[in-house]
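Structural features, examined
One letter stands for each residue in the lines below.
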Amino acid sequence: MATPLSADKLLKALRDEGLQVVEHRSWRTNNRNHKGPWGPTHGVMIHHTVTSGTSSSVDLCYNGHSALPGPLCHGVIAKNGTVYLVGNGRANHAGLGDDDVLRAVVAEKALPPDNEANTDGNRYFYGFECVNLGDGKDPWPAAQLLAIERAAAAICRAHGWSQRSVIGHLEWQPGKVDPRGFTMNSMRSRIAKRLGGAPDGPSDPPPQPTYEPFPGSAFFRVGRNSPVVTAMGRRLVSEGCGRYTVGPGPSWSEADRKSYAAWQRKLGYTGGDADGIPGKSSWDRLKVPNV
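Predicted model, so just to flag it, every value in this text is computed and none were measured.

**A few points about the side chain of Asn63**
Residue placement: Asn63 occurs in helix H2 (residues 54-63). With relative accessibility at 19%, the residue Asn63 sits in the buried group. Aside from chain neighbours lying at most four places away, what touches Asn63 is Pro69, Gly70, Pro215, Phe219 and Arg224.

Right, here's the structure in full:
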């Protein structure tokens, strides 16, 4: 049991463990805290994404989808071992699980079989989604397995937990199979060995990109509040496409949509392709400065 790590402490713990960490978009304020409590925290849960490709997987875990809003975890672990932070607070990753398993995690004892789904795991567990198809054939590169080990150990070290505070989704909720392709017992053994020594880090933060990467079309919706929207609006104004009476500002609005539609038309798009909702090609050509 512990108070959740702040965004700064989580980032430091991961980098101190030697991980290469990328802060994705507005991850520090991306959470589901308005839907339920976050904490006290008791452990770390490992998942696989059932996707391929780093960028699309990170965007999915940040934004979620129509049936399950994001964030879908706290960090995404890519094939090359890079960790992308996508959430800070309550995240839609664990779902309902077995209260007997939770008690075992809190006591740091051997896990019982998970045969019930009666306890909110999103409240109690940090979650890491690992890019893998989950078909038992998609390989787990050594760099990715090492990053899983490091990420879990980093959080355990920060809270004073042992490796028994790390579980797989398949050990929490009946019917789940993730992570598929390695055993959690083998991963816990690696984490235990790591916790017996000093952390590897700190790692150097990666250089920030010059321009904002495309956040996905779902990012642009009513209620979105982000400095990226402001930066986009300023670029639209500089391109002669501003349709603002006031602003631009951080809240996505009809004025943003009309301005972006003007940019799309300037690029030669017509009809539904100039609806004012950014697409990757037009976004990349706008060159929104990184914020």
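Still more ground to cover, so stick around.
**So, the layout of surface pockets**
Roughly 620 Å³ of volume is contained in the largest pocket. Along its surface, the largest pocket is lined by 28 residues, and Glu23, His24, Arg25, Pro213 and Asn290 are the ones closest to its centre. Within the residue set of the lining of the largest pocket, elements represented by two or more residues are strand E1 (21-23), H2, helix H6 (227-238) and helix H8 (280-286). Of the residues belonging to the lining of the largest pocket, the class tally is 14 nonpolar, six polar and eight charged. Each pocket or cavity is described by its volume, and for the second largest pocket that value is around 370 Å³. Considering only residue class, the lining of the second largest pocket consists of four nonpolar, 11 polar and three charged.

**Let's talk about helix H7 (residues 254-266)**
Under the 1.5 Å per step criterion, the end-to-end length of H7 is 18 Å for 13 residues, consistent within 8% with the ideal 18 Å. Structurally, H7 contributes buried residues whose contacts are with H6 and H8. Looking one or two residues past H7, Gly268 carries a phi angle of roughly 105°, positive in sign.

**Looking at the pattern of salt bridges**
Scanning all chains against the criterion turns up 19 salt bridges. For the salt bridge of Glu23 with Arg28, the shortest nitrogen-to-oxygen distance reads 3.1 Å. Residue Glu23 is classed as partly exposed on the basis of its relative accessible area of 27%. A residue is classified by how much of its surface remains accessible, and Arg28, at 34% relative accessible area, is partly exposed. One salt bridge connects Arg150 with Asp200, and the closest N-O pair in it is separated by 3.0 Å. In this pair, Arg150 is assigned in helix H4 (residues 142-159) and Asp200 in the loop between helix H5 (184-195) and H6, connecting sequence segments 50 residues apart. Owing to a relative accessible area of 18%, Arg150 belongs among the buried residues under this scheme. A network of salt bridges, in which partner residues are shared, links Glu17, Glu149, Arg150, Arg157, Arg190, Arg194 and Asp200.

The rules behind the values
- Residues numbered from 1 in each chain as written.
- Predicted model: local features only at pLDDT ≥ 70, side-chain atom pairs only at ≥ 80, totals over all residues.
- Heavy atoms only, no water.
- Helix = DSSP H or I, 4+ residues; strand = E, 2+ residues; numbered from the N terminus.
- Buried < 20%, exposed > 50% of the residue type's maximum accessible area, 1.4 Å probe, protein only.
- Contact = heavy atoms within 4.5 Å.
- 1 Å grid on protein atoms, 1.4 Å probe; cavity = no way out; pocket = protein on both sides within 12 Å on 5 of 7 lines; lining within 4 Å.
- Points joined across faces, edges and corners; volume = space filled by probe spheres on them.
- Nonpolar A, V, L, I, M, F, W, Y, C, P; charged D, E, K, R; others polar.
- Expected span 1.5 Å × (residues − 1).
- Salt bridge = Lys/Arg side-chain N within 4 Å of Asp/Glu carboxyl O.

In short, shape yes, function no, at least from these values alone.
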